[in-house]
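Commentary on secondary and tertiary structure
As a plain string of letters, each chain reads:
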Amino acid sequence: MLRRVGGLLLACVIASGVTPAHAQSSAFLERRVIGTSVMGKPIEAVRLGTKGGVVVVVVGVIHGNEAAGLLITDRLQESVVPKGIDLWIVPTMNPDGTALDQRGNANQVDLNRNFPYNWAKMGKPGYWQFAGKSKASEPETKAIVAFMREIKPALGIWYHQDLNIISPGTGLEGTMRSTYSRLTGIPIKRITGGTYTGVAATWQRHSVKDGMAFVVELGKTLSTSEAKIHSNAVLNIAMLLRDN
């Protein structure tokens, strides 16, 4: 089914998960350990689709107690990836926090305040937004920084909870944010009220050449059927990017 978005025709992945036959490519390319956590747990990335295609990366979890994104990354690994898209899936960049059901890593560092762009000292261990002792001080952050610099994604999607919003954007990135909002029902609304230094998506936008990135703030809960809608939205905006 074709749908016009921002003057462009977008091939919509419908709720059943079926894509047009000419767009299908389900090739598994690789599974890689891109680093290890403070506690030595592997940080894994799975690559699907078309090698040499438009590179898209999806990170399911950065705050360990915001784990709904894992349902989406699981679904993506089972999906048919449209032709021309080189999709990397990182279920969690914070495996220690995921295992412990805590926001930060095993050092109690908020990894979404630890990235090197616009980093600032904030708090100490025990503070919920503790930014670490220095920029990119944590092994998890170092692993993602090195990985992103290697694969140079054109787009990154980072999942959080539980504000249930997507911030507005401009240009093609703004169109992709709006499209994701339209397909999933998550409203477009500016995120305010916090101290946002050392943020992963902001680092990606400013540090990966020609790269775009945005945060999807999921709600408090996510069902498997909703995860399917989100995974389909990822593939839709990846096609939108590919076709531009």
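Structural data are supplied above this passage.
First, a word on scope: everything that follows refers to the structure included in this document.

Definitions and cut-offs
- For every chain, the first residue of its written sequence is number 1, and the numbers climb from 1 along that sequence.
- Since the coordinates come from a predicted model, pLDDT governs what is reported: local features require at least 70, and pairs of side-chain atoms require 80 or more to be given and counted, while whole-chain, interface and lining totals use all residues.
- Only heavy atoms go into the side-chain values, all of them from the structure, while hydrogens and water stay out.
- Between 30 and 60 degrees the pair is tilted, below 30 it is stacked and above 60 it is edge-to-face, where a pair is any two Phe, Tyr or Trp rings, Trp via its six-membered ring, whose centres lie within 6.5 Å.
- Each residue is placed in one exposure class: buried if its accessible area under a 1.4 Å probe, protein chains only, is under 20% of its type's maximum, exposed if it is over 50%, and partly exposed if it falls in between.
- Helix numbers and strand numbers start at the N terminus; a helix is a DSSP run of H or I with at least 4 residues, a strand a run of E with at least 2.
- Strands qualify as paired when DSSP identifies two bridges or more between them.
- Contacts are assigned to residue pairs that have any heavy atoms within 4.5 Å of one another.
- We define a salt bridge as a contact between a side-chain nitrogen of Lys or Arg and a carboxyl oxygen of Asp or Glu at a distance within 4 Å.
- Like charges are joined within 9 Å and nonpolar side chains (Val, Leu, Ile, Met, Phe, Trp, Tyr) within 5 Å, but only among residues with over 30% relative accessible area and no salt bridge; these make up the patches.
- All accessibility values rest on the Shrake-Rupley procedure with a 1.4 Å probe; residue burial counts only the protein chains present in the view.
- Axes here mean lines fitted to C-alpha atoms, for a helix over just the part in contact, with angles spanning 0 to 180 degrees between N-to-C directions.
- The sense of a crossing depends on the near helix, which, turned anticlockwise from the far helix by less than a right angle, makes the crossing left-handed and, turned clockwise, makes it right-handed.
- Each residue receives one of three labels: charged for Asp, Glu, Lys and Arg, nonpolar for Ala, Val, Leu, Ile, Met, Phe, Trp, Tyr, Cys and Pro, and polar for the others, Gly being one of them.

**A word on the packing of aromatic side chains**
A full pass over the atoms with the stated rule returns 5 aromatic pairs. Residues Tyr127 and Trp128 carry aromatic rings whose centres are separated by 6.4 Å and whose planes lie at 65 degrees to one another, so their mutual orientation is edge-to-face. The class of Tyr127 is partly exposed, set by a relative accessible area of 34%.

**Notes on the pairing of strand β5 (residues 42–49)**
The element β5 is extensively covered by neighbouring structure, given that 6 of its 8 residues are classed as buried. As judged from the 7 bridges shared by strand β4 (residues 28–36) and β5, these two strands associate in the antiparallel manner. For Val33, the partnering residue across the bridge sits in β5 and is Glu44. Between β4 and β5, which pair antiparallel in sequence order, lie 5 residues; one of them, Gly40, sits at a positive phi of approximately 85 degrees. In the sheet, β5 pairs with strand β8 (residues 85–92) via 4 bridges, with the strands oriented antiparallel. Within β8, the position partnered with Val46 by the bridge is Ile89.

**Section: the environment of Ala68**
Secondary-structure assignment places Ala68 in the loop between β6 (54–61) and α1 (69–77). Judged by its relative accessible area of 11%, Ala68 is buried. For the pair Ala68 and Gln161, spaced 93 residues apart in sequence, the C-alpha to C-alpha distance is 7.6 Å. The contacts of Ala68, once residues within four sequence positions are left out, are Gln161, Leu218 and Leu222.

**Side note on the environment of Asp110**
Tracing the chain through its elements places Asp110 in the loop between α2 (95–100) and α3 (139–151). Since its relative accessible area comes to 0%, Asp110 is described here as buried. As a C-alpha pair, Asp110 and Gly132 span 22 residues in sequence and 7.4 Å in three-dimensional space. Asp110 has contacts with His63, Arg103, Gly104, Trp128, Gln129 and Phe130, leaving out every residue within four places of it along the chain.

**Comments concerning the pattern of salt bridges**
As enumerated under the stated definition, the model contains 11 salt bridges in all. For Asp96, the salt bridge goes to Lys41, with nearest N and O atoms at 3.7 Å. Of this pair, Asp96 sits in helix α2 while Lys41 sits in the loop between β4 and β5, placing them 55 residues apart in sequence. In this structure, the salt-bridge partner of Glu66 is Arg103, at a minimum N-O distance of 3.7 Å. Of this pair, Glu66 sits in the loop between β6 and α1 while Arg103 is found in the loop between α2 and α3, placing the two residues 37 residues apart along the sequence. Here Glu66 and Arg103 have matching classes, each one buried. Overlapping salt bridges, with partners in common, bring together Glu30, Arg32, Arg47, Asp86 and Glu150 in one network.

**As for a nonpolar patch on the surface**
A surface patch of nonpolar side chains, amounting to about 260 Å² of accessible area, comprises Val38, Met39 and Leu100. Considering the arrangement of structural elements, one finds Met39 in the loop between β4 and β5.

**A closer look at the packing of α1 against helix α6 (residues 224–242)**
For the pair α1 and α6, the least separation of the axes is 8 Å and the interaxial angle reads 60 degrees. As α1 packs across α6, the resulting crossing turns out to be right-handed. Only Ala227, Lys228, His230, Ser231, Val234 and Leu235 of α6 make contact with α1, whose side of the interface consists of Leu71, Ile72, Arg75 and Leu76. Considering only residue class, the contact of α1 with α6 consists of 6 nonpolar, 2 polar and 2 charged.

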